[in-house]
Amino acid sequence: MSRPAGLLEHAGQAVGWTPLVEIQRLGKGLPGRVAVKLEYFSPGASIKDRPALAIIEAAERAGVLRKGQRIVEKTSGNMGAGLAWACAIKGYRFTAVLSVGNTPERSQMIKAFGAEVVKVRQAPGAKPGQVSKEDLDLVEAETQKRVKKYKAFRPDQFNNPGSVWAHRFGTGPEIWEQTAGRVTHFCSFAGSSGTLIGTAQALKERYAGVRVIAVEPAQAPFLAGKPVRDTRHAIQGGGYAVEPGIYDRSVVDAYLTVTDAEAKRTARALAAREGIMGGYSTGANVAAALMLARKAPRGSLIVTVACDSGLKYLSTGLYPA
Ligand SMILES: Cc1ncc(COP(=O)(O)O)c(C=O)c1O
């Protein structure tokens, strides 16, 4: 694989080969080094452009997505933006079903790419900016209704192996090449778990000793098999206390948790001190990577991802107004 060079024919070719940046200030003095892959460099400003395009192209090849057919998906917003972007390039109609708890920036982006947005009310007791498992169940029910109504193709990101392949054949090999094979740890917050599992598979295929760590919200360490207190948290895009169909336990070595406050504090420090302005899950990932760097053997190289841009959270108070 190689970076595309020269003039690109369309924005679909602008996915992948995102920068990998070492955070030398936040990581100063720690035995392990930390590097962050900046997925907000993608055209839809998140890591989900990769699986969105991979799933659509796989469905086209398999003949399960017909020309002009509508695509409908449940999303926390980033997959919605990724699919809306891919559909804009490829000429499909797209409907994104999401919770009103997801930030308005996400719906605005999806609409900008020419797609339809269906907003689903939150479960009783929910707070805007926090999407719980109960909220996601309501989104799922509405998605199923719309898929039937439109006879639509459903990417089904939590169960579609394309969510994994995008990272197994993209993110993972890129990290391997960008670190010249020196990566020792990879940690990632999990939604569909495609990022975590696909990257883990790629890295472990190249060096079985790479340690892979799943990052979860402090109150919902579900994948770790620990008690879930509450699935309401600020780290949008995952931590739903569900095991996705594509989850592959065999490539995960350990689990770490991060509080909302740690995610927020780290996202702010990352922006102010490293010039990397991500969202809450980016803060969670980097907080976890720094925890690992404190305990790792000297010379370790811990890699994680900036899943999306902080610009998608301007309405949440993640960054002061
Ligand atoms: C902001 C954000 N962070 C993290 C994730 C998790 O990525 P994955 O679905 O690959 O587990 C998502 C997924 O939608 C997301 O939107």
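The structure presented is a predicted model; accordingly, all values stated were derived computationally and were not measured. (Residues numbered from 1 in each chain as written. Predicted model: local features only at pLDDT ≥ 70, side-chain atom pairs only at ≥ 80, totals over all residues. Heavy atoms only, no water.)

Moving on to the overall build of the protein chain. When its secondary structure is counted, the protein chain shows eight helices and nine strands. In terms of overall dimensions, the protein chain is globule-like: its C-alpha atoms have a radius of gyration of 18 Å, near the 20 Å expected for 321 residues. Taken over the C-alpha atoms alone, the protein chain extends approximately 55 × 50 × 40 Å along its principal axes. The 321 residues of the protein chain split such that 58% are buried. For the protein chain, the accessible surface area stands at approximately 13,300 Å², while carbon and sulfur atoms represent 52% of it. Both charge centroids of the protein chain, one from 43 positive and one from 27 negative side chains, sit 2 Å from each other. (Helix = DSSP H or I, 4+ residues; strand = E, 2+ residues; numbered from the N terminus. Rg over C-alpha atoms; globule rule 2.2 N^0.38 Å. Buried < 20%, exposed > 50% of the residue type's maximum accessible area, 1.4 Å probe, protein only. Areas by Shrake-Rupley, 256 points an atom, 1.4 Å probe, with all protein chains shown as cover. Lys, Arg positive; Asp, Glu negative; His and termini not counted. Charge placed at Lys NZ, Arg CZ, Asp CG, Glu CD.)

Among the five residues of strand 3 (residues 70-74), five are classified as buried, and the element is accordingly described as predominantly covered. Burial along strand 3 is two-sided: the residues Arg70, Val72 and Lys74 and Ile71 and Glu73 are all buried. Looking at chain direction, strand 3 and strand 4 (residues 93-99) are connected through five bridges and run parallel. When the bridges of strand 4 are listed, isoleucine 71 appears paired with phenylalanine 94. Each parallel crossover has a hand, and the one from strand 3 via helix 2 (residues 78-90) to strand 4 is right-handed. (Pairing = 2+ DSSP bridges. Right-handed = clockwise from strand over helix to strand, strands pointing away.)

Quick look at the sheet that holds strand 3 now. Read across the sheet, three strands follow the order 3-4-5 without closing on themselves; strand pairing throughout is parallel. Both edges of this open sheet fall to strand 3 and strand 5 (116-120), since each of them pairs with a single strand only. Taking each pair of neighbouring strands and ignoring which way they run, the sheet shows an average axis angle of 15°. Bridge count between strand 4 and strand 5: five bridges; the pairing is parallel. Bridge pairing links leucine 98 to lysine 119 in strand 5. (Axes fitted to C-alpha atoms, helices over the stretch in contact; angles between N-to-C directions.)

Further remarks concern the side chain of arginine 70. Within the element layout of this structure, arginine 70 appears in strand 3. A distance of 2.8 Å separates polar atoms of two side chains, one belonging to arginine 70 and the other to threonine 95. For arginine 70, the residues in contact, after removing those within four places along its chain, are Arg93, Phe94, Thr95, Glu116, Tyr150, Ala152 and Phe153. (Polar contact = N/O pair within 3.5 Å; in protein donor to acceptor, adjacent residues only side chain to side chain. Contact = heavy atoms within 4.5 Å.)

What follows deals with the domain arrangement of the protein chain. Under the domain assignment, the protein chain is made up of domain 1 (11-46 + 163-316) and domain 2 (49-150). On the side of domain 2, 29 residues touch domain 1, which itself brings 37 residues to the contact. Between domain 1 and domain 2, a total of about 2,500 Å² is buried, with carbon and sulfur atoms accounting for 53% of that surface. The interface formed by domain 1 and domain 2 holds three salt bridges in total. In this structure, aspartate 308 and arginine 106 form a salt bridge, with 3.6 Å as the shortest nitrogen-oxygen distance. A per-element tally of the side of domain 1 that touches domain 2 places helix 5 (residues 162-178) first, with seven residues. The residue makeup of the side of domain 1 that touches domain 2, split by class, is 14 nonpolar, 16 polar and seven charged. (Domains from an automatic or database assignment. Buried area = accessible area lost by both parts, 1.4 Å probe. Salt bridge = Lys/Arg side-chain N within 4 Å of Asp/Glu carboxyl O. Nonpolar A, V, L, I, M, F, W, Y, C, P; charged D, E, K, R; others polar.)

Around the ligand, the surrounding shell holds 17 residues, and the nearest of these are Lys48, Gly191, Ser192, Thr195 and Ser281. Between an oxygen atom of the ligand and a side-chain N or O atom of lysine 48, the distance comes to 2.6 Å. Its atoms largely coinciding with the cavity grid, the ligand occupies the largest cavity. Each residue belonging to the shell around the ligand can be placed in one class, and the counts come to four nonpolar, 10 polar and three charged. Both domain 1 (11-46 + 163-316) and domain 2 (49-150) contribute no fewer than three residues apiece to the shell around the ligand. (Near = heavy atom within 4 Å. 1 Å grid on protein atoms, 1.4 Å probe; cavity = no way out; pocket = protein on both sides within 12 Å on 5 of 7 lines; lining within 4 Å. Sits in = over half its atoms within 2 Å of the grid points.)

Considering only enclosed or pocket space, the second largest pocket measures out at about 190 Å³ in volume. Every residue lining the second largest pocket is listed: Leu26, Leu30, Glu262, Arg265, Thr266, Ala269, Ala287, Leu290, Met291 and Arg294. For the lining of the second largest pocket, the elements supplying multiple residues, two or more each, are helix 7 (260-274) and helix 8 (280-295). Tallied by class, residues from the lining of the second largest pocket come to six nonpolar, one polar and three charged. (Points joined across faces, edges and corners; volume = space filled by probe spheres on them.)

Looking now at empty space enclosed by the protein. Scanning all chains against the criterion turns up two cavities of 30 Å³ or more. Quantified by volume, the largest cavity comes out at close to 290 Å³. Considering the residues around the largest cavity, the lining is formed by 27 residues, among which Lys48, Ser76, Gly191, Ser192 and Gly237 are closest to the centre. Only helix 2, strand 6 (185-189) and helix 6 (194-206) provide two or more residues apiece to the lining of the largest cavity. When grouped by side-chain class, the residues that make up the lining of the largest cavity number 10 nonpolar, 13 polar and four charged. Each of domain 1 (11-46 + 163-316) and domain 2 (49-150) contributes no fewer than three residues to the lining of the largest cavity.

This part is about the environment of glutamine 13. Mapped onto the secondary structure, glutamine 13 falls in the segment before strand 1 (20-22). On the basis of relative accessibility, which here comes to 29%, the residue glutamine 13 falls in the partly exposed class. For the pair formed by glutamine 13 and proline 43, sequence separation is 30 residues and the distance between their alpha carbons is 9.8 Å. There is a polar contact of 2.7 Å between the side chain of glutamine 13 and the backbone nitrogen of glutamate 9.

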